[in-house]
Amino acid sequence: MIKFSDITVIIQGQVYKDVTNLVIRSVKKFLPNAQIIFSTCDQNMSDTISGVDRLIVSKDPGGYLY
């Protein structure tokens, strides 16, 4: 049987003030002891993230013009 501590959850995207931390708390509730990685390009909001094992803040790659 897989243990929760053997699971890593990656959450990626824009930071939404209350929603992002709600998602993190939900993962902690349903997968206790799982590692949580949050990856974002939202450098201005990255300090509002709490409860993750690893926070990755990347440079915004920008969009593509067609």
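Preceding this paragraph is the structure being described.
In this text the structure is predicted, and so the values were computed from the model without any measurement. (Residues numbered from 1 in each chain as written. Predicted model: local features only at pLDDT ≥ 70, side-chain atom pairs only at ≥ 80, totals over all residues. Heavy atoms only, no water.)

### Points about the sheet that holds strand S1 (residues 8-12)
- Read across the sheet, three strands follow the order S1-S2-S3 without closing on themselves; strand pairing throughout is parallel. The open sheet has two edge strands with one neighbour each: S1 and strand S3 (54-57). For this sheet, the mean inter-axis angle between neighbouring strands, taken without regard to orientation, is 15°.
- When strand S2 (residues 35-40) meets S3, the two strands line up parallel, connected through four bridges. Across the sheet, the residue bridging to Thr-40 is Val-57, located in S3. (Pairing = 2+ DSSP bridges. Helix = DSSP H or I, 4+ residues; strand = E, 2+ residues; numbered from the N terminus. Axes fitted to C-alpha atoms, helices over the stretch in contact; angles between N-to-C directions.)

### Quick word on helix H1 (residues 19-30)
- Its 12 residues give H1 an end-to-end C-alpha distance of 17 Å, which sits within 8% of 16 Å, the value for a rise of 1.5 Å per residue.
- Within H1, burial applies to Thr-20, Asn-21, Ile-24 and Val-27. Projected down its long axis, H1 shows its buried positions confined to an angular sector of 115°, all on one face. Exposed side chains of H1 directed beyond 90 degrees from the buried face belong to Leu-22, Arg-25, Lys-29 and Phe-30.
- Its buried side turned inward, H1 meets S1 and S2. (Expected span 1.5 Å × (residues − 1). Buried < 20%, exposed > 50% of the residue type's maximum accessible area, 1.4 Å probe, protein only. Arc of directions from axis to C-beta. Contact = heavy atoms within 4.5 Å.)

Spatial relationships are all this shows, so hold off on functional conclusions.
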